[in-house]
Amino acid sequence: MTAEAAPSSHLFSPSIPEIVRSQKEVSRLLSGLQVTNDSIEKIEQHCESIIQLFLEAPVNALACISLYKRDLTSFDNFLLNISCVTCLFCLRNNWNKNAVQQTLAGIVCWAICNKPYYDKVYAGIKPSENAKGFKKLGKILHKALSALDRQLWLESFTSLPTEVLLKPQIAMSQLQNSSQTSQILATSYYFVFLTTPNRRIKSVSIASALKKIISGMKTDSAHIEPLLQTPGLIWPGNLIKLTTDEIHLVVDELESNWLVRPLNKKDKPISRELFQIDKAQKVTILPNMPLVTIDAMANYWNEEWFEQRVERGSRLTELHSHSFRIDQPPASLLAIIEHLEQHDIDVNELCALIEKEPSFVSHLQSSATQTGREKLPISDVKHGLMMHGFERSKCVLTQHALLTRLNQHYFPLQDSLYQFLKLWSQIAGILAENHKSLLAEEVSNWVYFSFSGLFTNIELKSKTRWQLKTSQVRDQSCLANIKQASQLNSHAQRLAQCWLQDIELKDALKELQLKHKLPASAARSKAHLVIQISMHLAVHYYFDGGEAPFYDEFLLQLCSEFGLSNEYLGTIDQQVLERTHTYCPISTQLISAE
């Protein structure tokens with residue numbers, strides 16, 4: 001059920017009261033040192049419910065952050081707010097949902113472990129050494145998460161030092177050059193510190209908090225920009241004061257107006273009637289409004305609000321980018337492939353098909369520019385097609401579309417996988433030069449599909465360290481130390497089938513999955529040989545740093561079948577370095593050696 005389908009704000013699932021009850025249960029379990037598989041699962045379910053709240057009822061989720069809940073303790077307000085703000089940051093930065101869940105689990109555990117320290121700090125009492133969190137709980141959690149290989153959860157749990165509670169701005173500044181996870185967690189905490197009422201400082205409005213955070217950042221503030229786009233500086237639940245001194249509670253954002261309820265001096269709605277205020281009108285944004293209870297939100301976001309939201313069109317409908325199914329290639333790409341497979345290709349019609357997808361146009365032109373010897377800018381689709389040729393153009397566009405789908409949501413290992421993929425495809429392209437019937441773009445395309453399973457595997461979404469399953473590389477299952485390693489090849493086969501790839505690639509992927517070793521006399525396809533050899537070399541360069549000797553009997557047999565000498569193998573690393581600007585361990589080692 002989405003927010004558009006719900007009949008009222010208090011009937012969506014999960015409701016905020018349900019999330020609060022779940023949060024209290026998680027706090028009780030951890031405070032009682034109950035770190036079992038069952039409690040780990042409960043924490044993950046709790047974090048999943050927060051994500052679901054933002055996806056199904058974004059207005060209510062934002063209002064929950066904006067409003068101070070009087071029926072909750074100071075710590076419960078803090079824990080709920082930092083969980084919601086962290087979720088908002090991750091979703092707006094287009095994180096994979098599994099990665100969001102594990103990050104939320106980490107910050108929830110961090111907050112509960114540091115509750116004694118929090119209580120001292122926010123009561124205005126200088127914390128002593130023995131108030132620095134539940135040390136025993138921290139050790140138990142660390143051991144349990146390590147045993148369960150919850151890498152991202154563990155990183156999130158250990159990213160923020162306890163001292164951030166006392167000096168949030170300094171801690172945020174120190175973490176600006178660290179991982180994206182640490183940056184988001186530090187920024188989320190500082191945001192909650194500024195906007196949640198407490199005894200230490202006077203809280204400020206959400207707009208003031210965002211401006212203060214941005215002005216205090218010494219480096220890139222890219223992870224904050226998505227919040228400035230949506231939801232912006234005024235959120236549902238904010239109080240705004242007009243030039244007439246009238247105070248209104250913002251309930252929703254329409255295209256050119258704010259949907260509001262007028263308030264009296266006691267912060268209660270004067271009437272149940274909703275009004276619209278032009279966004280161009282000058283307003284003052286006030287700090288967070290206290291609520292009597294969590295359930296009181298249903299009085300502000302009721303059936304009347306929902307009807308107007310649907311009728312007039314709310315702008316706050318989606319806080320997370322829409323996901324495209326990876327096994328369903330873009331219709332525009334399928335149309336291009338089908339046209340290229342015709343006997344008589346109409347170039348003008350083909351150009352028209354490509355021009356329907358702006359990203360295809362820019363990528364075809366830029367790749368054609370890089371391919372040309374003179375590096376002259378290509379600004380015309382037809383010119384780009386002529387530079388590449390039809391077969392190369394098909395491979396270039398397919399690669400671009402596939403990579404876009406595979407990278408549509410962020411996860412911690414994304415950059416590492418991408419760099420390895422670029423290295424692997426570059427090596428395959430160099431090998432193709434030794435075979436007259438192969439194109440570099442074609443074999444690169446084979447590599448992209450062969451490696452695609454590592455981008456689609458759910459287990460890898462929550463890992464922060466990439467480890468090989470075994471040093472004996474035979475197929476994709478060797479490339480990641482995960483439980484369902486066999487899925488890597490099956491995912492690659494399925495994508496190759498769905499994306500209308502050639503039979504040679506599909507046959508090669510099936511051969512890679514064979515459990516028994518092929519005899520020396522077995523005939524191997526060109527695709528099989530290129531994928532196997534380039535995969536061996538890529539693993540060697542990326543994980544071993546290119547140190548020789550590394551050639552095993554299996555690799556030498558493959559090279560012999562492909563017509564590669566041992567001497568030529570030794571030159572590939574330098575060729576890769578000369579042709580690509582992609583970062584990988586091979587480039588850093590060779591540059592430092594020089």
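Conventions and cut-offs
Residues numbered from 1 in each chain as written. Predicted model: local features only at pLDDT ≥ 70, side-chain atom pairs only at ≥ 80, totals over all residues. Heavy atoms only, no water. Salt bridge = Lys/Arg side-chain N within 4 Å of Asp/Glu carboxyl O. Helix = DSSP H or I, 4+ residues; strand = E, 2+ residues; numbered from the N terminus. Buried < 20%, exposed > 50% of the residue type's maximum accessible area, 1.4 Å probe, protein only. 1 Å grid on protein atoms, 1.4 Å probe; cavity = no way out; pocket = protein on both sides within 12 Å on 5 of 7 lines; lining within 4 Å. Points joined across faces, edges and corners; volume = space filled by probe spheres on them. Nonpolar A, V, L, I, M, F, W, Y, C, P; charged D, E, K, R; others polar. Core = buried A, V, L, I, M, F, W, Y, C linked by side-chain atoms within 4.5 Å. Contact = heavy atoms within 4.5 Å. Pairing = 2+ DSSP bridges. Disulfide = S-S within 2.5 Å. Patch = residues over 30% accessible without salt bridge, like charges linked within 9 Å, V, L, I, M, F, W, Y side chains within 5 Å. Areas by Shrake-Rupley, 256 points an atom, 1.4 Å probe, with all protein chains shown as cover. Phe/Tyr/Trp six-rings, centres within 6.5 Å; stacked < 30°, edge-to-face > 60°. Lys NZ or Arg CZ within 6 Å of the ring centre and 35° of its normal. pLDDT = per-residue confidence, 0-100. Expected span 1.5 Å × (residues − 1).

Engineer: Please explain the pattern of salt bridges as it appears in this structure.
Structural biologist: Under the counting rule described, the total for this entry stands at 15 salt bridges. Of the charged contacts, one joins E25 and R28 as a salt bridge, the two residues approaching to 2.7 Å between their closest N and O atoms. Of this pair, E25 and R28 both sit in helix 1 (residues 16-31), three residues apart, roughly one helical turn. Owing to a relative accessible area of 45%, R28 belongs among the partly exposed residues under this scheme. Here D119 makes a salt bridge to K115, at a shortest N to O gap of 2.8 Å. Taken together, the positions of D119 and K115, both in helix 6 (residues 115-122) and four residues apart, correspond to about one turn of that helix. Under the relative-accessibility criterion, K115 is labelled partly exposed at 27%. Salt bridges linked by common partners bring E253, K279 and R315 together as one network.

Engineer: Please explain the layout of surface pockets as it appears in this structure.
Structural biologist: Gaps left between atoms show up when a probe the size of a water molecule is rolled over them. When its volume is computed, the second largest pocket comes out at roughly 940 Å³. In terms of lining residues, the second largest pocket is bounded by 41 residues, among which T456, N457, I458, E459 and K461 are the most central. Mapped onto the lining of the second largest pocket, the elements with two or more residues apiece are helix 5 (97-113), helix 19 (390-406), helix 22 (453-456), helix 23 (458-461) and helix 24 (487-498). Here the residues of the lining of the second largest pocket are counted per class, giving eleven nonpolar, 17 polar and 13 charged.

Engineer: Would you explain the nonpolar core in this entry?
Structural biologist: Nonpolar side chains tend toward joint burial in soluble globular proteins. F54, F78, W110, Y189 and W301 are the most contacted members of the largest nonpolar core, which has 100 residues in total. With twelve residues, helix 4 (residues 74-92) is the single largest residue contributor to this core. Leaving out residues up to four positions away in the same chain, F78 has contacts with W110, A111, Y118, L165, Y189 and V192. Membership of the second largest hydrophobic core comes to 76 residues, among which are V361, W446, I482 and L558.

Engineer: Just checking my understanding: could you explain the environment of I458 for this structure?
Structural biologist: Tracing the backbone through its elements, the reader meets I458 in helix 23. The exposure class of I458 is exposed, given its relative accessible area of 58%. Residues I458 and N98 lie 360 residues apart in sequence; the distance between their C-alpha atoms is 7.4 Å.

Engineer: Before we go on, may I ask you to explain the pairing of strand 3 (residues 247-253) in this structure?
Structural biologist: Successive residues of a regular strand alternate their side chains across the two faces of the sheet. Counting buried positions along strand 3 gives six out of seven residues, so the element sits mostly inside the fold. Connecting strand 2 (residues 239-242) to the antiparallel partner strand 3 that follows it, the hairpin turn spans four residues, and D245 within it adopts a positive phi of roughly 70°. Taken together, the five bridges between strand 3 and strand 4 (residues 257-262) define a ladder with antiparallel strand orientation. What sits directly across from L249, in strand 4, is R261. Between strand 3 and strand 4, which pair antiparallel in sequence order, lie three residues.

Engineer: How do you make sense of the state of the cysteines when you look at a structure like this?
Structural biologist: A covalent bond between the sulfur atoms of two cysteines is what we call a disulfide. Across all of its chains, the model carries zero disulfides by this definition. Take C64: it sits in no disulfide, and the sulfur closest to it among the cysteines is that of C84, at 4.6 Å. Here C113 stays unpaired: no disulfide links it, and the sulfur of C109, its closest cysteine neighbor, is 6.7 Å away.

Engineer: Even after reading the chapter, I still don't get a nonpolar patch on the surface, so can you show me in this structure?
Structural biologist: Where nonpolar side chains cluster on the molecular surface, the patch consists of I214, L228 and L233 and spans about 200 Å² of accessible area. By the secondary structure assignment, L228 is in helix 12 (residues 225-229).

Engineer: Explain the environment of E349 here, please?
Structural biologist: Mapped onto the secondary structure, E349 falls in helix 16 (residues 347-355). Taking the relative accessible area as the measure of exposure, E349 reaches 42% and is therefore partly exposed. Considering only alpha carbons, one finds E349 and H339, ten residues apart in sequence, at a separation of 8.6 Å.

Engineer: I keep staring at the side chain of S188 and nothing clicks. Help me out?
Structural biologist: Mapped onto the elements, S188 comes out in helix 10 (residues 180-195). On the basis of relative accessibility, which here comes to 0%, the residue S188 falls in the buried class. Excluding its chain neighbours within four sequence positions, the residues that come into contact with S188 are V85, T86 and F89.

Engineer: Explain the packing of aromatic side chains to me, please; I cannot follow it from the model alone.
Structural biologist: Any aromatic ring pair is given by two values, namely how distant the centres are and how the planes are angled relative to each other. Under the criterion given, the structure shown has 24 aromatic pairs. Between F420 and F451 the ring centres are 5.3 Å apart and the planes differ by 40°, which places this aromatic pair in the tilted class. Of this pair, F420 sits in helix 20 (residues 414-432) while F451 sits in helix 21 (residues 440-451), and the two are 31 residues apart along the sequence. This pair shows no difference in class: F420 is buried, exactly as F451 is. By way of ring pairs, the aromatic residues F411, F420, W424, F451, F455, W466, Y542 and F543 are connected into one cluster. Across from the ring centre of F411, 4.0 Å away, lies the NZ or CZ of K461, which sits over that ring.

Engineer: Sorry, what's going on with the confidence of the model for the protein chain here?
Structural biologist: Low pLDDT marks regions whose predicted coordinates should not be analysed in detail. Mean pLDDT over the protein chain stands at 86; residues scoring 70 or higher make up 89%. This stretch, residues 586-594, has a pLDDT under 50; its non-local contacts, to residues over four places away or in other chains, come to twelve contacts.

Engineer: For this particular structure, what's the right way to read helix 4?
Structural biologist: At 3.6 residues per turn, the α-helix brings residues three or four places apart onto the same side. The end-to-end C-alpha distance of helix 4 is 27 Å, a good match for the 27 Å that 19 residues give at a rise of 1.5 Å each. Buried residues dominate helix 4, accounting for 18 of its 19 residues. Once helix 4 ends, the next one or two residues include N94, with phi positive near 65°.

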